[in-house]
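Architecture and fold: a report
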Amino acid sequence: MAALSVLLVVVVWLSTTGGDSSSVGRAEPPDAVATLADWDARRARAWAEGDVEALRDLYVAGSRTGRKDADMLSAYVDRGLRVRGLRTQVLRAQVLRHDDRAVVVSVTDRMRGAVAVGDDRRITLPADRASTREVTLRLVAGEWLVDEVRE
């Protein structure tokens, strides 16, 4: 479950925080709240539907984080389970650096409320403790995708 919570990092981050003076003159990052809220909603939908391909499409090709997330979802699907109610409580978020093709954000968050369901089973997944990760998003074919998530 700890691995699942690691991959649930991206929900909301703040577009008005962070950035150092070296970012002056560079393109602004996308509207962080809207971009990541949309990304997270699509990710939660893929998990709820057991749609491994839709989940893979949310990550940059070759992403180790994306591969781990897809492998984990596949394991749930193989056991006849879907994960519903994926919610992440963001405690702190800060844009560390950005340009017109990538955004790196530090996020402190924790997972809440996920339930694995299937047949006659309902398994409440444990909430995790707050942790901080660095998330890199890349602009690919006009869409912001998660590249990697690092501790």
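What comes next concerns the included structure.

About the cut-offs
Residues numbered from 1 in each chain as written. Predicted model: local features only at pLDDT ≥ 70, side-chain atom pairs only at ≥ 80, totals over all residues. Heavy atoms only, no water. Pairing = 2+ DSSP bridges. Helix = DSSP H or I, 4+ residues; strand = E, 2+ residues; numbered from the N terminus. Phe/Tyr/Trp six-rings, centres within 6.5 Å; stacked < 30°, edge-to-face > 60°. Buried < 20%, exposed > 50% of the residue type's maximum accessible area, 1.4 Å probe, protein only. Lys NZ or Arg CZ within 6 Å of the ring centre and 35° of its normal.

**Section: the pairing of strand E2 (residues 87-98)**
The pairing of E2 with strand E3 (residues 102-112) spans 10 bridges and is antiparallel. Considered in E3, the bridge of valine 90 is made with aspartate 109. Two successive antiparallel strands, E2 and E3, enclose a turn made up of three residues.

**Description of the environment of alanine 102**
Mapped onto the elements of the fold, alanine 102 is located in strand E3. Once the C-alpha coordinates of alanine 102 and aspartate 147 are considered, the two residues, 45 residues apart in sequence, prove to be 9.2 Å apart.

**Here we look at the packing of aromatic side chains**
Per the stated rule, a full pass over the model turns up two aromatic pairs. On the numbers, 5.6 Å between centres and 85 degrees between planes, the contact of tryptophan 39 with tyrosine 59 is edge-to-face. Pair noted here: tryptophan 39 is in helix H2 (residues 32-49) and tyrosine 59 is in the loop between helix H3 (52-56) and helix H4 (64-78), with a separation of 20 residues, a long-range link. A single burial state applies to tryptophan 39 and to tyrosine 59, both of which are buried. Its guanidinium or amino end placed over the ring of tyrosine 76, arginine 79 lies 4.9 Å from that ring's centre, counting from NZ or CZ.

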